[in-house]
Amino acid sequence: MASASILLSEEQFLCSICLDVFTDPITTPCGHNYCNTCITHYWDTKDVYQCPLCKESFTKRPKFSVNKVFSEMADQFRKSKQQRQTSSTNPEPAEPDEVSCDVCTETKTKALKSCLVCLTSYCDTHLEPHLKLAGLKRHKLIDPVKNLEDILCKKHDRPLELFCKTDHMCICQFCTESDHKLHQIVSLKEAYGGKKAELGKTEAEVQQMIQERRVKIQEVRHSVEFSRKDADREIEDSVQVFTALIRCIERSQAELIDVIEEQQKTSEKQAEGFIKELQQEITELEKRSSELKQLSHTEDHLHLLQNFTSINSPPPTKDWTKVNVHQSSYAGTVKTAVAQLEKTLSQEMEKNLHDAELRRIQQYEVDVTLDPDTAHCELILTEDGKQVSYDNVKKNLPENPERFSMYANVLGKQSFSSGRYYYEVQVGGKTAWTVGVARESINRKGGTLSPNDGYWTIWLRNGNEYKALAGPSVLLPVREELQKVGVFVDYEEGLVSFYDVETRVHLYSYTGCAFTERLYPYFSPCFSRNGENSAPLIISPVNHTD
């Protein structure tokens, strides 16, 4: 029997209904074999008794008995197959997120394929009939999927094999003849390719958006960090300002107390002098009183008469009726002191605020050098580009649109179109100069120094005339000769400010400037005659004070 079963092919032991090895096989009148349970259940659901394979119909439901010989052969084949499966590598059970075989009864192994006709997923073992049986080979196999009913058309119970581009939905073949007739229909593969390309584009856009937001996060963090530094700096400056004011108040209070105590000491010293004199006179008077008492009690007539004249008169004393201790009047002392303190505090506060302001903007220091391509032909620039002076000798330089030709001017090499920047220029020892900033499009062959023409500057003329060329010009309240000028620009704020670096005083600010071009540092040492005003303008490093 065993040898006989070996001669039969594996397909002959599989039921075409359950696709598994026969269990209690029976044979239909047309000669086909089925599991007894399979064919019984099949006919229970049908109105016509028909062979599932050859479709031969029977007028009456055939009566069957189990084919014992074939049953034994099937049982032996099942055991042989189980032994082969046991001897081979045991299949691993499917993971929770994997599709499992619908046929496996005990351990649910991982499905290898899903059949769109059978609507069943098969593992490697149970997939074999679909790979060997001629009738099953025509079935469409796909990669395993869960919920196979989701890939069927709900209306026609057919596989969703097409895509309607008109309605943007997956459809079956029957849908093309009804609801989607005359619509633009393509295969799932073609639709997949197009949608995948769209997904790739969308993914790239999403990644770009992610990157932009990450950059924005860095900007926000940088802004917060910068704001924190500004806040810390403001706190530090406020502590210094208020500490200086508190010290000023304490100093004024100590001075007031010293004045009051000094006046009190003077009064006390005067009183002590009066008391000392009075005590000395009392001592003399007490001595005279004692002598008078003794003389008045004497019985010696001669002794009394001889001493009467010298003793009878009081000793010389001071007239104390108009003598008074000078009492200091403190009325108005505190008021006067407070008024003076208010004036001192105002000056001290202004000084400290200016100092704090200058220290704050000095953090925006930039390295500025002079651009020889813009320098007037009678200017001399040092090799390091940090100094410029007037030479009064015209040099043979190439003419270019960037070079100043009418006035002794020169621009910095560096330009700025955003942010804040600060630099300092040494101007001491000169009788005329101009410093500031200029926009890129200024007329370098003429023009006037005014904001309307693209200049934001201050100058010195005649040795003591300091002005901001605001159009009209503004006279600057400079008390002593400026030695070093600080220039600060806030591009976005539209601000250009000038400072006296030595006294740490704010000189002037251009506000509300609508900058739309690049800005360049601007310098003019002005003309020199007979050695006067020959000192250079010097771009000096910033001395950051604590």
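Whatever comes next refers back to the structure up there.
Residues numbered from 1 in each chain as written. Predicted model: local features only at pLDDT ≥ 70, side-chain atom pairs only at ≥ 80, totals over all residues. Heavy atoms only, no water.

A. Just the overall build of the protein chain, in detail. Secondary structure summary: the protein chain contains eight helices and 23 strands in total. If one aligns the C-alpha atoms of the protein chain with their principal axes, the spans along those axes are about 195 × 100 × 50 Å. Out of the 546 residues belonging to the protein chain, those deemed buried represent 33%. Put simply, of all contacts in the protein chain between residues at least 6 apart along the chain, 58% involve residues at least 24 apart. In the structure as shown, the protein chain presents an accessible area of about 34,600 Å², 52% of it carried by carbon and sulfur atoms. (Helix = DSSP H or I, 4+ residues; strand = E, 2+ residues; numbered from the N terminus. Buried < 20%, exposed > 50% of the residue type's maximum accessible area, 1.4 Å probe, protein only. Contact = heavy atoms within 4.5 Å. Areas by Shrake-Rupley, 256 points an atom, 1.4 Å probe, with all protein chains shown as cover.)

B. Region of interest: the packing of helix H6 (residues 188-296) against helix H7 (residues 301-312). Viewed as axis vectors pointing N to C, H6 and H7 meet at an angle of 160°, and their least axial separation amounts to 11 Å. Viewed along their axes, H6 and H7 adopt a mutual orientation that is roughly antiparallel. Remark: the crossing between H6 and H7 carries left-handed chirality. Residues Arg288, Glu291, Leu292 and Leu295 of H6 pack against His303, Leu304, Asn307, Phe308, Ser310, Ile311 and Asn312 of H7. Broken down by class, the residue content of the contact of H6 with H7 amounts to five nonpolar, four polar and two charged. (Axes fitted to C-alpha atoms, helices over the stretch in contact; angles between N-to-C directions. Parallel < 35°, antiparallel > 145°, perpendicular 65-115°, else oblique. Left-handed = near helix turned anticlockwise from the far one by under 90°. Nonpolar A, V, L, I, M, F, W, Y, C, P; charged D, E, K, R; others polar.)

C. A look at the pattern of salt bridges. Scanning all chains against the criterion turns up 18 salt bridges. The salt bridge involving Lys386 is made with Asp367; its shortest N-O contact spans 2.4 Å. Here the residue Lys386 occupies a position in the loop between strand S11 (379-381) and strand S12 (387-390), and Asp367 occupies one in the loop between helix H8 (333-361) and S11, the gap between them amounting to 19 residues. Connected through salt bridges with shared partners, the residues Asp355, Arg359 and Arg504 form a single ionic network. (Salt bridge = Lys/Arg side-chain N within 4 Å of Asp/Glu carboxyl O.)

D. Spatial organisation of the sheet that holds strand S13 (residues 410-411). Across the sheet, which stays open at both edges, the six strands sit in the order S13-S22-S15-S16-S17-S18 with antiparallel pairing between neighbours. Looking along the sheet, the strands with just one partner apiece sit at the ends: S13 and strand S18 (474-475). Inspection of the sheet shows strand S16 (residues 455-461) paired to strand S17 (residues 465-468) by four bridges, in the antiparallel sense. Residue pairing in the sheet places Trp459 in a bridge with Lys467 of S17. (Pairing = 2+ DSSP bridges.)

E. Main features of unusual backbone geometry. The peptide bond linking Gly471 to Pro472 adopts the cis configuration, its omega dihedral lying at 10°. Examined against the element boundaries, Pro472 turns out to sit in the loop between S17 and S18. Notably, Asp24 is not glycine yet its phi reads approximately 50°, a positive angle. If you trace the backbone, Asp24 turns up in the loop between helix H1 (2-7) and strand S1 (25-27). Overall, Asp24 belongs to the partly exposed group, its relative accessible area being 41%.

F. Summary view of the packing of aromatic side chains. Inspection of the entire model under this criterion finds 15 aromatic pairs. Centroid distance Tyr364 to Phe488: 5.9 Å. Interplanar angle 40°. Geometry classified as tilted. Here Tyr364 is found in the loop between H8 and S11, whereas its partner Phe488 is found in strand S19 (residues 484-490), with 124 residues between them in sequence. Of the two residues, Tyr364 and Phe488, neither departs from the other in class, the shared state being buried. Their ring planes at 55° and their centres at 6.2 Å tell us that Trp433 and Tyr466 sit as a pair that is tilted. Here the residue Trp433 occupies a position in strand S15 (residues 433-439), and Tyr466 occupies one in strand S17, the gap between them amounting to 33 residues. Here Trp433 and Tyr466 have matching classes, each one buried. Following the ring pairs from residue to residue traces out a cluster consisting of Trp43, Tyr49 and Phe58. (Phe/Tyr/Trp six-rings, centres within 6.5 Å; stacked < 30°, edge-to-face > 60°.)

G. Up close: the sheet that holds S12. Strands sit in the order S11-S12-S23-S14-S19-S20-S21 across an open sheet of seven strands; the sheet is antiparallel. On the outer flanks of this sheet lie S11 and strand S21 (505-510), each paired with one strand and no other. The sheet shows a mean angle of 20° between the axes of neighbouring strands, taken without regard to direction. Across the sheet, H8 is in contact with strand S14 (420-426), S19, strand S20 (495-500) and S21; its angle to S20 comes to roughly 120°.

H. Focus on the pairing of S17. Side-chain alternation along S17 places Tyr466 and Ala468 on a buried face and Glu465 and Lys467 on a face that remains uncovered. The loop that links S16 with its antiparallel partner S17 comprises three residues; one of these, Asn462, has a positive phi angle of about 60°. In this sheet, S18 lies alongside S17 in antiparallel orientation, the contact comprising two bridges. Within the sheet, the bridge partner assigned to Ala468 lies in S18 and is Val474. What sits between the antiparallel neighbours S17 and S18 is a turn of five residues, in which Gly471 has the positive phi angle 65°.

I. Looking closely at H7. With twelve residues, H7 ought to run about 16 Å at 1.5 Å a step, and its terminal C-alpha atoms sit 15 Å apart, in line with that. Where H7 begins, one side-chain oxygen reaches toward the backbone nitrogen of Leu302, 3.1 Å away; that side chain belongs to Asp300. (Expected span 1.5 Å × (residues − 1). Polar contact = N/O pair within 3.5 Å; in protein donor to acceptor, adjacent residues only side chain to side chain.)

J. The arrangement of a nonpolar patch on the surface in detail. Side chains of Met406, Tyr407 and Phe527 sit close together on the surface and give an oily, nonpolar patch of about 280 Å² of accessible area. Inspection of the secondary structure assignment puts Tyr407 in the loop between S12 and S13. The exposure class of Tyr407 is partly exposed, given its relative accessible area of 39%. (Patch = residues over 30% accessible without salt bridge, like charges linked within 9 Å, V, L, I, M, F, W, Y side chains within 5 Å.)

K. Summary view of the packing of H6 against H8. Viewed as axis vectors pointing N to C, H6 and H8 meet at an angle of 155°, and their least axial separation amounts to 9 Å. One element, H6, and the other, H8, form an angle in the roughly antiparallel class. Note that H6 runs across H8; the crossing there is right-handed. Of the residues assigned to the contact of H6 with H8, the class counts are 14 nonpolar, five polar and six charged.

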